[in-house]
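Spelled out from the first residue to the last, the chains are:
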Amino acid sequence: QVQLVESGGGLVQAGGSLRLSCAASGRTFSSFAMGWFRLVPGKEREFVATISRSAYSTNYADSVKGRFTISRDNAKNTVYLQMNSLKPEDTAVYYCAATPRYPYATEEQLYDSWGRGTQVTVSS
């Protein structure tokens, strides 16, 4: 497994931007596909974005496509989520996750390691 720590959350007005970071330690970062998920109280955790080990492939939820960008820096053991044109419905706790078992993954049960999350609040 790998240890994950998210940062970069906060309060932003609608239309604004935030960049989330997820720092990994404990194993070779480049051997893990990475994902971002989010959780709103009262709802199930939902997929946001995923990126393959080499960053060759990415995939996004329809709700964030065109607004969010996932990227990674394997030299810094970090994955990022650039969030632009934020909406109040993007308010959630955002989690990063890692899996060594798949090239990339959109389903949370395919991930083995999770961070503790970072709160993102978008005001209207």
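Residues numbered from 1 in each chain as written. Predicted model: local features only at pLDDT ≥ 70, side-chain atom pairs only at ≥ 80, totals over all residues. Heavy atoms only, no water.

Caption draft 1: Fine view of the overall build of the chain. What the chain contains, in helices and strands, is 0 helices and 11 strands. Taken from N to C terminus, the helices and strands of the chain fall in the order β-β-β-β-β-β-β-β-β-β-β. Against the compact-globule benchmark of 14 Å for 124 residues, the chain has a radius of gyration of 13 Å, which places it among compact chains. Reported as C-alpha extents along the three principal axes, the dimensions of the chain are approximately 40 × 30 × 25 Å. Accessible surface, the chain: about 6,300 Å² in total, of which carbon and sulfur atoms supply 46%. Side chains of the chain carry 13 positive and 10 negative charges; the gap between the two charge centres is 6 Å. (Helix = DSSP H or I, 4+ residues; strand = E, 2+ residues; numbered from the N terminus. Rg over C-alpha atoms; globule rule 2.2 N^0.38 Å. Areas by Shrake-Rupley, 256 points an atom, 1.4 Å probe, with all protein chains shown as cover. Lys, Arg positive; Asp, Glu negative; His and termini not counted. Charge placed at Lys NZ, Arg CZ, Asp CG, Glu CD.)

Caption draft 2: Seen up close, the pattern of salt bridges. Applying the stated criterion across every chain yields a total of 6 salt bridges. Across the pair Asp 90 and Arg 38 runs a salt bridge whose closest N-O atoms are separated by 2.9 Å. In this pair, Asp 90 is assigned in the loop between β8 (78-83) and β9 (92-99) and Arg 38 in strand β4 (residues 33-39), connecting sequence segments 52 residues apart. Each member of the pair, Asp 90 together with Arg 38, is buried. Members of the salt-bridge network, linked through shared partners, are Arg 38, Glu 46, Arg 67 and Asp 90. (Salt bridge = Lys/Arg side-chain N within 4 Å of Asp/Glu carboxyl O. Buried < 20%, exposed > 50% of the residue type's maximum accessible area, 1.4 Å probe, protein only.)

Caption draft 3: Spatial organisation of the sheet that holds strand β7 (residues 68-73). The strand order across the open sheet formed by 4 strands is β1-β3-β8-β7, and the pairing between neighbours is antiparallel. Taken across any chain shown, the strands that pair with only one partner, and hence form the sheet edges, are β1 (3-7) and β7. Averaged over neighbouring strand pairs, the angle between their axes works out to 15° when direction is ignored. As paired strands, strand β3 (residues 18-25) and β8 are joined by 6 bridges and run antiparallel to one another. Of the residues in β8, the one forming a bridge with Cys 22 is Val 79. (Pairing = 2+ DSSP bridges. Axes fitted to C-alpha atoms, helices over the stretch in contact; angles between N-to-C directions.)

Caption draft 4: Highlighting the side chain of Arg 72. Mapped onto the fold, Arg 72 is located in strand β7. Although Arg 72 is buried, it makes no salt bridge; Asp 73 carries the closest opposite charge, 8.3 Å away. Within the structure, Arg 72 has its side chain in polar contact with the backbone oxygen of Arg 53 (distance 3.5 Å). (Polar contact = N/O pair within 3.5 Å; in protein donor to acceptor, adjacent residues only side chain to side chain.)

Caption draft 5: Spatial organisation of the packing of aromatic side chains. Scanning the entire structure with this criterion turns up 4 aromatic pairs. Plain terms: the ring middles of Phe 37 and Trp 114 are 5.1 Å apart, the flat faces sit at 55° to each other, and that makes the pair tilted. One end of the pair, Phe 37, is in strand β4; the other, Trp 114, is in strand β10 (residues 113-114), and 77 residues separate them in sequence. Grouping aromatic residues by their ring pairs yields a cluster made of Phe 37, Phe 47, Tyr 111 and Trp 114. In this structure, Arg 45 packs its charged tip against the face of Tyr 95, placed 5.0 Å from the ring centre. Lying across the ring of Phe 29, Arg 72 places its NZ or CZ 4.4 Å from the centre. (Phe/Tyr/Trp six-rings, centres within 6.5 Å; stacked < 30°, edge-to-face > 60°. Lys NZ or Arg CZ within 6 Å of the ring centre and 35° of its normal.)

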